[in-house]
Every structure is written in structure tokens, then in C-alpha cells.
Amino acid sequence: MAPILELRAVKAFYSQSEVVHGIDVAVEEGGMTVLLGANGAGKTTTLRAICGMVRSEGEIRFAGQRLERRSTEAIAALGIAHVPEGRGTFTGLTVEENLRLGAYARAGRPDAGIGRMFGYFPILGERRRQQAGSLSGGEQQMLAIARALMMSPRLLVLDEPSFGLAPRIVEDIFNIVERIRREQRVSVLLVEQNATLALDLADHAYLIETGYVVLSGPAKTLADDPQIRRSYLGY
Amino acid sequence: MTMAKSVAIASAEQPAAATRNGAFVAGAWRSTGALVLIAAAVALPFTISNYHVFELTQVMIYAIAVLGLNILTGYNGQISLGHGGFYAAGAYTAAILMHRYGVPYWATLPPAAVICFALGVLFGLPALRFEGPYLALVTLAMAVATPQLLKYFDTWTGGQQGINLIKVQAPAFLGIGRDRWLYLVVLTVLLVAMRVAANMLHGRTGRALVAIRDHPIAAAAMGIDVARYKTLAFGTSSLFTGVAGALSAIVIGFVAPESFTLFLSLSFLVGSAIGGIATIFGAIVGGLFIEFVPNIANDISDAAPWAIYGLTMLLFMYVMPRGVVGSLAGLMRRVQSRRATAGQGLEEQKRRLS
Amino acid sequence: MHQLLQQIFSGLAAGAVYASLALALVMIYRATDLVNFAQGEMAMFSTYIAWMLVNVGMPFWAAFSLTLVASFVGGMIIERIVIRPVENAPVLAAVVVTIGLLLIFNALAGWLFTYTLQEFPSPFPDRTLFGALMTTRDLGVIGVTLAMLVALFVFFRFTATGLAMRAAAQNPESARLCGIPVGRMLAIGWGLAAAIGAVAGIMVAPVLFLDPNMMGGVLLYAFTGALLGGITSPIGAVVGGLIVGVTENLVGAYLIASQLKLTVALALIVLVLVFRPNGLFGAAIVRRV
């Protein structure tokens, strides 16, 4: 099966400095790929390069289309839903308004989609008229993911969804994401520091260090790799 | 020690020595250059007509005023749309001292400086509560109020009519005209002002002001007395602009409320931005802009000169959003940093190989 | 007492005009963190367009509507061509650009239409109501402003574009990730602000008489009202504008006439700001460190 997202020799720049030095990444259609690595490795910059938020060089292909030089909103309209670092919820708007915005790029009424999201995330349904900024961290993360899914995306890009959340909540969120992936047939590109959970769910994994891919392969293989186990899994 | 490592260390040492040498040479160049410029500035008025001398004197007066604004808004980040008010305060202080009390013109500068400093501090204290657009409004209110207050307190200010002053004469023994003498006086004050500003802004005070502008909370956390420095910035800024105002009263020989409208305050801000808000030399560029561009605009279009003036402002901001001097300084910084990182890239590669 | 009510009511009518312009200022500030100093002159220019249309015989409300559309388009064009180059530049550069725009519009109006004061027709009959308590003109101005505010409220609360604009103003990056064309939202915002300004200009022109300097004082009061209400709050803009209008009238009637009226009114409002430095409804500018 052809990968739905392919990066070839991609360099990415954070302001004036080059922080990603020519990496190759592929996400299989319908699969979950995870980018692992320490802080400052360039994982977030890679995601931002995919969505046209930072300057990049090299080839980025999504479902056969080249993404370089497109604006962020155009890339979103192609079917890539990006949940950024820090969630990026519209804190001044209500939960329901946040969800409606997720459906901006899709034609038709968003009400059915909203109902479906409340099915996956019942807590959001309870808080539909609440200001997003007053939600807890875990609820905001769910809202961010739900908003991304309102787009009916082909590719879901998640940047550190577990950041700052209690382990129980993280597990809940990951279970829902896995469920959605199977039911909605969404491909997932995940950036995570929580390697254990990520390697458990993902199909394929890349280890990124200071802007280079140093290891890549099936998630199971990497989970057994002694280097990974020592550095990232803690045993 | 491997070959790679020793090469790495050697090339790391070289930049330091080169910089030391380079700094010395650069400093020598700068001092010579400065002396040449000053000599040229002193000689200049004797080569051009009296009217042009008067215009250049006005440019320098505006430069001092804009320098005051640069200190407050550029280095300390407190926006002021009301500096015309401080300018007026200085001008009327000088005028009233000369007109009512017969104080010689040169002796009006210190009192004007002190009074405007006090005014600035008085204004700066409540201004501590305001940020951004709110501070803009408060200073805007001052700018709007100034001509009205000047007309209202007419026993002191001469009201609508203003105050006519006896024209200042040059000392007889020098044998130069009035305009040229005043040019030299203002030039001296400008050079002193720039020196004082440079000393202040390139030292600890300047760093504190900039820290407060960029990261007020971090600055406070580091122990900088934010309130004191902000108030000090207001006072100093007002002092500079007030002295400029006093000089303008002396040079023009006349003060009236019409000269100190909101438009003057906005002109200072525009001049500041065009020259480079957080620079010292930019103030001179700003002064040149305020004085000459309206005249040039008039030459270009008789019907709508202010439209040309406005258009010129737009074009300057599109091409040089950090001002003339600001953009040049930024350009030089980027060239320097590229030279520095060129060395660094080599270090990275060497480290990887070893 | 009767006179007091009269002054308050006519103050509300003036305040409605300030509130409209204040709303335009707040809209642009929320979207771009910029105070558009040219808002008044843009409104003045729109009013001249309406004046020209009425002069060639167009019925008032047709001229009004056409002017609104033209102003909307004009506002969008200005955002795209004049403001976009400095959108990512330091704020001061953008401020200078708006000041330049102010000068350009003022000079252009003076050149095209001369500085002679012109009469501008009011669509409302000249009558007094309730025993000289208020005039139909004042009531009309308040009514038009109210209608405009309701329309704007409905637009922003209940339409997809309105929601997208609010999102783009709050968090442009997240908005882009939702596929929202933030640049276009900005342009629409400027278009709306220009149209709102046109309404303000057309409402005030019959009273102040039309000339290129008509909106200078209005802008000042509008700016004051916007800040009094809190520069980030649309409701604040409206309330602030109304308060400024009433204050100006009361100060002029009871405290001090003529010149110093402006100074005293401003002083009073600055005093309020000393106690509420972020305005009555403004959120404190909270920054993450």
C-alpha cells in the first residue's frame, strides 16, 4: 500500500537556523506512525513543515500531491488535520463553536459531525456551551482532537497529545484515538515523548535526534531495541 | 590530542584575537570618523545661505526632540503621542523667562531642562498604570489639551497671540550672523545630548530600560526597579524634548499655541519611526524628515502636499520598517552573525567526525 | 431636570456615533493589534461618496446602501494593499502607516471636494418629541446605530464566517489549521470596519457639516470611548462611546463651554482609566511568561 504521506530529504528551518537536516519519513495509509525523540530533536518542526508553518526544503507528498509552497489553510483543506503542541484550542470560544470551526473546510452542516464527536468524547457533550478555556487539560486535549476530526481528515497529525496530562487521561485519549483510527480509517502521524504507550499502538516508528533520523522500523522492533529501551523506555 | 581536535581549538582561538584587533581598529575608525563629521558640521553653515542655516538648525532641534522620544518609546517601550506637550513646556519656559524676567537666552536652558524633567516624572508616575493603547490615549489627551491650556492661561502665555521675543544676537567679537551663531549653539547642545544619551543607553541604565521594554516581568524578577526606571525614562525623555522646545523658542523668537498642536506630537512619532525608534543617529534622520519632506511634498504637488507626505511615510515603512538607521543596524548585525556562524559550522562538522 | 434629560438624550445620539466608530476601532484592534488612526478619515471619505450620490439625485437610503458597499470593498482593498506589507513588521511601522493613510485621505478629500463646509441631508424629519425632550433626528441616529449593532451581533454569533473571523482574530495559527483563510478574514474585518465608519460619518454629517476635518474630533472621542470600554471588548466600545457622548454633552452644558470642553472631558475619562487601567470591560492583557 502506498504511503499517504511521504517526506523525502526534507530540511526544516526554525527562524534562520536549519533544525531538520534532510529526513525521510513515511506514513502508511490507515496506519499509525510515531516520531520519537528528546526535546529539541526537531519533531515538532517536522510537523510544522508538513503543514507549511515553517520554511522547508525537500519533497513532501500527501496522497500524491506536493505540499511545499502551499499555505497552511490550503494544506488543511486537502485533508490534513493538525493538533498542534499546546492544543491550540480557541479558549475564548465555546466547546461547540470550537467544533464548528473544525468543520469550516468541509461543506455541509456540521451538526451530524458534532453529534459523532460527542459520541466519542461524551464529556465534551456535557460541556458544549462552556468556554473552552475553562476546560481541564485533558478535556482541552479531547476538544482539540475532536475539532481536528470534524474535518473528516485523511491524515491526523498529533503533536505530543500526552503533554502535561495524567497517565489515566493519556490512556483514555490514546484508546479513543486508536478506536477512531480503526472506525474512521484515518491515518495518524504522532509525535510523542511518552514512548511506551506510543510504541504499543503504532505500526511504524522513527527515532529523531538533533534533526536526523537515527533509527526507523516497525514499532515492535524498536520497542525491543536495547538503545531505545535504555534511553526512552527506562529499562 | 587528535589532529582534528587541535585544529578545532586553534581556530576557536583565532576569532577571539581577531575580534580584539578588529574592535580596536573599528574604535579608531569611529573616533576619527566622528571628528571629521563634527568638523564638517561646524564648517557647513559658512558655506550655505542664511535661510538654509535656519532650516538645518530646525532639523537639529527636531533631532533633539526626537531623541527624547526615542529614549522613552524606542528603548523603554512606553509609547507617547504627546511629546509636543513637553516641547511646548520647554518653549514657553524659555519664552516666559526671557520675556518677563529678562533672563539671557542661554540661561533658560537649565531651568527648562529641570522643569521638563519634573513634568516628565510627574507624568510618568501615573503612566506606570497604563500600557500600550491606553498609554497612547493618555499621552494623546495631553497633546490635545496642550494648545487649549496654552490659550486658557493667557496671563502667563500670552494666550492666542503668544509671546514675541527679542531676537538673539551673536556675540559681537565673533563677527558671524545671528543664524550661524544659533546653529553652532544648537549643534553644541545636540552633540552633548547625543553623548549623554549614548552614555546612558549603552550602559547599565540602557540595558535596564531595554529589559523592561522586552520582558518587564523577567526584568522585575532580576531585581530591576521597574517603576523607578520607567519614571526616569519619562523624565529624561521629557528633558531632552523640553530643551529642544526651549531652543526652538530662542531660534524662532516667537511662541504661540498653534505651533504646538497634536500634529507636532505625531510628527515627532513619525520622525522617530522613520529614523529608527531605538537608535540615536536615527533622531537626526527623523529631524531631516520632519523638516524637509513637507517642503518637498509641496514642490511635488501644490494641490495635495500632505497626501505626498503621507505617501512618503508609507513608502519608508514598507522598505525600512525599522527606520533608516534601525534597518542599517539590523543589516550589519546579520552580516556579522553570518561571519561568526560560518566559523561555527566548521566546528560542528569537526566534532561529528572525531 | 428636563434640561438634564435633554442633554443626556442628545449626548446618547452623539455617543451612538462615537460608539460606532469605536466599534470599528475595536474590531480592527482585535484582529491586528493595531489602532487604525485613519478610521475617522476613511469614514469622512465614505461620507463624501454618499454626499456625491445624493447630489446626483439618488434617494437617501439607496445612496446610504451603495456607500456602505463601496466602503466595505474599499476597506478590504486598503487592508490587502496598504496594511498587509506591514502586518508582520514592528507595530510602530503599522501605526505610522495608518497615520500616513490619515494624511492621504484628508488631503485627497480636500483636493477633490475642497475645504468648504457642505450641508448634508438627514433622512429624518426635523421634529421634537415628548415635549422637546428629544428630536426625531437624534432618535433616528440611535435607531440606525442600534440596527447596525444587532446586525453585527447576529453576523458574528450565528454565521460561519462570523465565527471564522472571531477565531482568526483570537488565534490565527489555529484558525489556519482549520482551513480558515486568515488573510481573507482580516480583509473582511477591515471592510466591515470601514462600512461601520461610513454609517458613523453619515449619521454625524448633518450635525457637524461635511468637510475634510469633520471626523477629527469624532475619532478622538471614539478612541477614548473604545479604551474606556476596554480596547478588546466590542460591548465596551459601544458603552464607552455612549458614556463619552453623554459626558461631553454634560461637561459642555454644565461645567465649561467652548475650548476646554475637550480637555475636561478627556481628563475625566483618563481619571476613570486610572482606576480601571484596562477599561470597564477590558480583559487585562494577560501574557504567558
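Residues numbered from 1 in each chain as written. Chains lettered and ligands numbered in written order. Predicted model: local features only at pLDDT ≥ 70, side-chain atom pairs only at ≥ 80, totals over all residues.

Here we look at the overall build of chain C
And step 1. Scanning chain C from terminus to terminus reveals 11 helices and 2 strands.
And step 2. When the helices and strands of chain C are placed in sequence order, the string is α-α-α-α-β-β-α-α-α-α-α-α-α.
And step 3. Radius of gyration (C-alpha) of chain C: 19 Å, near the 19 Å computed for a compact globule of 289 residues.
And step 4. If you line up chain C on its principal axes, its C-alpha atoms span 60 × 50 × 35 Å.
And step 5. Residues classed as buried in chain C amount to 55% of the 289 residues present. (Helix = DSSP H or I, 4+ residues; strand = E, 2+ residues; numbered from the N terminus. Rg over C-alpha atoms; globule rule 2.2 N^0.38 Å. Buried ≥ 20, exposed ≤ 12 C-beta atoms within 10 Å, placed from the backbone.)

So, the overall build of chain B
And step 1. Each helix and strand counted, chain B has 14 helices and 2 strands in total.
And step 2. When contacts within chain B are restricted to residue pairs at least 6 apart in sequence, those whose partners lie at least 24 apart make up 78%. (Contact = placed C-beta atoms within 7 Å.)

Some details on the interface of chain B and chain C
And step 1. Contacts between the two partners involve 34 residues from chain B, matched on the other side by 36 residues from chain C.
And step 2. Counting residues per element, the ones that place at least two in the side of chain B that touches chain C are α5 (132-152), α11 (262-275) and α13 (305-319) of chain B.
And step 3. The element that contributes the greatest number of residues to the side of chain B that touches chain C is α5(B), accounting for 12 residues.
And step 4. Here the residues of the side of chain B that touches chain C sort into 28 nonpolar, 2 polar and 4 charged. (Nonpolar A, V, L, I, M, F, W, Y, C, P; charged D, E, K, R; others polar.)

Considerations on the interface of chain C and chain A
And step 1. If you look at the interface, chain C gives 15 residues, while chain A gives 17 residues.
And step 2. Residue contributions to the side of chain C that touches chain A peak at 6 residues, all from helix α6 (residues 160-170) of chain C.

Quick look at the environment of Gly68(B)
And step 1. Along the chain, Gly68(B) falls in helix α2 (residues 50-75).
And step 2. Along the chain, Gly68(B) and Arg322(B) lie 254 residues apart, while their C-alpha atoms are 18 Å from each other.

A closer look at the packing of helix α2 (residues 39-55) of chain C against helix α4 (residues 91-113) of chain C
Residues and elements named next belong to chain C.
And step 1. At a minimum axis distance of 9 Å, the contact between α2 and α4 shows a crossing angle of 25 degrees. What the angle tells us is that α2 and α4 run roughly parallel. When you trace α2 past α4, the crossing you get is left-handed. For the pair α2 and α4, the contacting residues are Glu41, Met42, Met44, Phe45 and Tyr48 in the first and Leu102, Phe105, Asn106, Ala109 and Phe113 in the second.
And step 2. Within the contact of α2 with α4, the residues separate by chemical class into 8 nonpolar, 1 polar and 1 charged. (Axes fitted to C-alpha atoms, helices over the stretch in contact; angles between N-to-C directions. Parallel < 35°, antiparallel > 145°, perpendicular 65-115°, else oblique. Left-handed = near helix turned anticlockwise from the far one by under 90°.)

Some points on the arrangement of the chains
And step 1. For the 2 pairs of chains in contact, the maximum contact count is reached by chains B and C.
And step 2. Nowhere do chain A and chain B come into contact; their C-alpha atoms are at least 10 Å apart.

Some remarks on the confidence of the model for chain B
Residues and elements named next belong to chain B.
And step 1. Looking at chain B, the pLDDT average stands at 85 and 88% of residues meet or exceed 70.
And step 2. For chain B, per-element mean pLDDT is lowest for helix α1 (residues 3-43), which scores 64, and highest for helix α10 (residues 226-252), which scores 94.
And step 3. Within the model, pLDDT remains below 50 along residues 1-15, and this stretch shows 12 contacts once partners closer than five positions in the same chain are excluded. (pLDDT = per-residue confidence, 0-100.)

What to know about the nonpolar core
One broad rule of soluble globular proteins: the nonpolar side chains tend to lie buried together.
And step 1. Counting residues in hydrophobic clusters, the biggest one holds 287 residues, and the most contacted among them are Ile64(B), Leu21(C) and Leu25(C).
And step 2. The element best represented in this core is helix α8 (residues 182-208) of chain C, accounting for 18 residues.
And step 3. Each of two domains, domain 1 (3-79 + 153-233) and domain 2 (87-150) of chain A, supplies a minimum of three residues to this core.
And step 4. Beyond its immediate stretch of four places on either side in the chain, Leu25(C) contacts Val35(C), Asn36(C), Gln39(C), Ala222(C), Phe223(C) and Ala226(C). (Core = buried A, V, L, I, M, F, W, Y, C linked by C-beta atoms within 7 Å. Domains from an automatic or database assignment.)

Observations regarding the sheet that holds strand β4 (residues 55-62) of chain A
Residue and element names in this part refer to chain A.
And step 1. Taking strand neighbours across the sheet as the criterion, the 4 strands line up as β2-β1-β4-β5 in an open arrangement whose pairing is antiparallel. Both edges of this open sheet fall to β2 (17-28) and β5 (65-66), since each of them pairs with a single strand only.
And step 2. Here 2 bridges tie β4 to β5, and the two strands are oriented antiparallel to one another. Among the inter-strand pairings, Arg61 is bridged to a residue of β5, identified as Arg66. (Pairing = 2+ DSSP bridges.)

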